[in-house]
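Here's the letter readout for the chains.
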Amino acid sequence: MICRGCASSDTVRVLDLGRTPAADYFPPHRSIVDPAESAHPLAMELCRRCGLAQLAGDDTTPEEPRGVEPQALRDQAAAAVEAVAESGFLNGDSVIEFGSPHGGSWLPLLGERGFRPPLPGHPASVVLDCFGAMHEPDQQAVFRERACATHVDGVLLIQFHSLAAIVTHGQWNALRHGHCAYYSLTALQQMLTDVGMSLSYAWEFDLYGGTVLVAARHGVRSDTSHTVRRILAAEHALGVCEPRTIRHLQQAADGHVSSLRTWLATMAGRGKRVYAYGAASRAVALFSRAGVDHRVLCAVADASRAKQGRRMPGTDVPIISPAQLLADDPDVVLLTVADLLPEVQSQFPGLTGKWVVDIADGDGPNADPALTHGRQQPGWNKLRTYPAV
Ligand SMILES: [Zn+2]
């Protein structure tokens, strides 16, 4: 393929999930499970020239987002804006945001600090991109556009789920249709250089197992922060731009799918009624690859009303409301998004002791402490260890 970041044709396949359902199309509950529904190729390519990991192709049509913004994301946004302000990067008075189709905006937080949209056609002193850029098929255009929107003395803030974290934690199901780019700081630095910008500062957050927020400014600069240099060095040590490093995700995918299948079969064999919480896009490829059906997984609960009454793509597993989940009194609840745990634990005290968190094992290559974050929390089991129930 032609690289989305630098137009080189020197790309190599690093993860191939075969044919999967589109991650954002949830068919009505009682509809027939049509094989065509699960026939969309899903693969990741790595560019050997610029190092950008990217979606190979995408024959799906984006659907109207149906998700609910988790509290974890809102909390992180507040923490991020606070950190940026403390480091002295919130100067000027105008702001432009390139949003994510999944929703969530930092504009209210900037508004509280006196930032307003600039006059139409004018650049802003602060330009925000929180999980937005990754959705654009043309990555060269993305960075040109954001550079243009940033005032000559302004700052461009880009937040992304780090490829180093994806690889280190074996988060193979970060790969999904509609997500065109998977950034390392190394590849991001190259794309910013291509549009005349450079990295000034970076902040790290535990969100999704490793989220990075960077501040970029126009020109070639010598004031690159220690954090930027440290992350780049850790990525280099990990080999984040090398195909053999990213290929560990293939083993992670195959291992994850087979552990889920085994665990669900074991639970069903013991007569346990297993439910899941979170009809998240990342659960779509997992459930469909594992061949999950309603005999081993009764239902998936989700807070989004738009998903309730539908089913998980490629499976006959219905999506129900959290109230229905409580009424059904499940034996075990598999949480598909680990970041939701504190939220669901406090929201549903009746489910205490029933949570099993589906989390990648951190069994990637060279699990560098600089790139991994403490993930294990007391009070729950992770799926990969086959918890006894
Ligand atoms: Zn490239």
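The structure reproduced in this document is the subject of the present report. (Residues numbered from 1 in each chain as written. Predicted model: local features only at pLDDT ≥ 70, side-chain atom pairs only at ≥ 80, totals over all residues. Heavy atoms only, no water.)

### Some points on the sheet that holds strand E6 (residues 150-161)
Piece 1. Overall, mixed pairing links the 5 strands, which are arranged E4-E5-E6-E9-E8 in an open sheet. Single-partner strands in this sheet number two, and they are strand E4 (95-98) and strand E8 (197-205). Strand after strand, the sheet turns through a mean of 20° between neighbouring axes, direction not considered.
Piece 2. Across 8 bridges, E8 lies against strand E9 (residues 211-218) in antiparallel orientation. Across the sheet, Glu 204 pairs through a bridge with Val 212, a residue of E9.
Piece 3. Across the sheet, helix H1 (residues 71-86) lies against E6, E8 and E9, angled at about 130° from E8, the strand it touches most. (Pairing = 2+ DSSP bridges. Helix = DSSP H or I, 4+ residues; strand = E, 2+ residues; numbered from the N terminus. Axes fitted to C-alpha atoms, helices over the stretch in contact; angles between N-to-C directions. Contact = heavy atoms within 4.5 Å.)

### With respect to the nonpolar core
Side chains that are nonpolar tend, in soluble globular proteins, to be buried together.
Piece 1. With 58 residues, the main nonpolar core has Leu 157 and Tyr 183 as its most contacted residues.
Piece 2. Sort the elements by how many residues they give to this core and H1 lands first, with 7 residues.
Piece 3. If we ignore the near neighbours within four places in the chain, the residues touching Tyr 183 are Leu 52, Ala 133, Met 134, Gln 139, Phe 143, Phe 160, His 161, Ser 162, Leu 163, Leu 188 and Met 191. (Core = buried A, V, L, I, M, F, W, Y, C linked by side-chain atoms within 4.5 Å. Buried < 20%, exposed > 50% of the residue type's maximum accessible area, 1.4 Å probe, protein only.)

### Brief notes about the environment of Val 317
Piece 1. Take Val 317: it is sitting in the loop between strand E11 (300-301) and strand E12 (319-320).
Piece 2. Sequence spacing of Val 317 and Leu 297 is 20 residues, and the spatial spacing of their C-alpha atoms is 6.8 Å.
Piece 3. Beyond its immediate sequence surroundings of up to four residues, Val 317 is in contact with Val 292, Asp 293, His 294, Leu 297, Cys 298, Ala 299, Val 300, Arg 311 and Met 312.

### A word on empty space enclosed by the protein
Piece 1. Scanning the model with the defined rule gives 2 cavities of 30 Å³ or more in all.
Piece 2. The space that makes up the second largest cavity amounts to roughly 40 Å³.
Piece 3. Forming the boundary of the second largest cavity are Thr 20, Pro 21, Ala 23, Leu 42, Leu 175, Arg 176, His 177, Ser 281, Val 284 and Ala 285.
Piece 4. For the lining of the second largest cavity, the element with the most residues is helix H9 (residues 281-289), which contributes 3 residues.
Piece 5. Across the lining of the second largest cavity, the residue classes break down as 6 nonpolar, 3 polar and 1 charged. (1 Å grid on protein atoms, 1.4 Å probe; cavity = no way out; pocket = protein on both sides within 12 Å on 5 of 7 lines; lining within 4 Å. Points joined across faces, edges and corners; volume = space filled by probe spheres on them. Nonpolar A, V, L, I, M, F, W, Y, C, P; charged D, E, K, R; others polar.)

### Overview of helix H8 (residues 248-269)
Piece 1. The end-to-end C-alpha separation of H8 is 32 Å, in line with the 32 Å expected for 22 residues at 1.5 Å each.
Piece 2. Where H8 is concerned, the buried positions are Leu 249, Ala 252, Ala 253, His 256, Val 257, Ser 259, Leu 260, Trp 263, Leu 264 and Met 267.
Piece 3. Positive phi shows up at Gly 271, right after H8, with a value of about 75°. (Expected span 1.5 Å × (residues − 1).)

### Topic: the packing of aromatic side chains
Piece 1. Taken as a whole and assessed by the stated rule, the structure comprises 8 aromatic pairs.
Piece 2. Between Phe 89 and Tyr 201, the aromatic rings sit 5.3 Å apart at their centres with planes inclined by 55°, giving tilted as the arrangement. On the criterion of sequence distance, the pair formed by Phe 89 in the loop between H1 and E4 and Tyr 201 in strand E8 is long-range, its members being 112 residues apart.
Piece 3. Looking at Tyr 201, the relative accessible area reads 27%, which means it is partly exposed. (Phe/Tyr/Trp six-rings, centres within 6.5 Å; stacked < 30°, edge-to-face > 60°.)

### Here we look at the packing of helix H5 (residues 185-194) against helix H6 (residues 226-238)
Piece 1. As a packed pair, H5 and H6 sit with axes 9 Å apart at the nearest point and diverge in direction by 120°. Comparing the axis directions of H5 and H6 gives the class oblique. Of the residues in H6, those touching H5 at Leu 185, Thr 186 and Gln 189 are Val 228, Ile 231, Leu 232 and Glu 235. (Parallel < 35°, antiparallel > 145°, perpendicular 65-115°, else oblique.)

### Some details on the sheet that holds strand E1 (residues 11-20)
Piece 1. The strand order E1-E2-E3-E7 describes an open sheet built from 4 strands, whose pairing is antiparallel. Two strands close off the open sheet at either side, each with one partner strand: E1 and strand E7 (181-182).
Piece 2. The pairing of E1 with strand E2 (residues 40-47) spans 7 bridges and is classified as antiparallel. Paired with Leu 15 across the bridge in E2 is Met 44.
Piece 3. Strand contacts of H8: E1 and E2, with the helix running at about 15° to E1, the strand carrying the most contacts.

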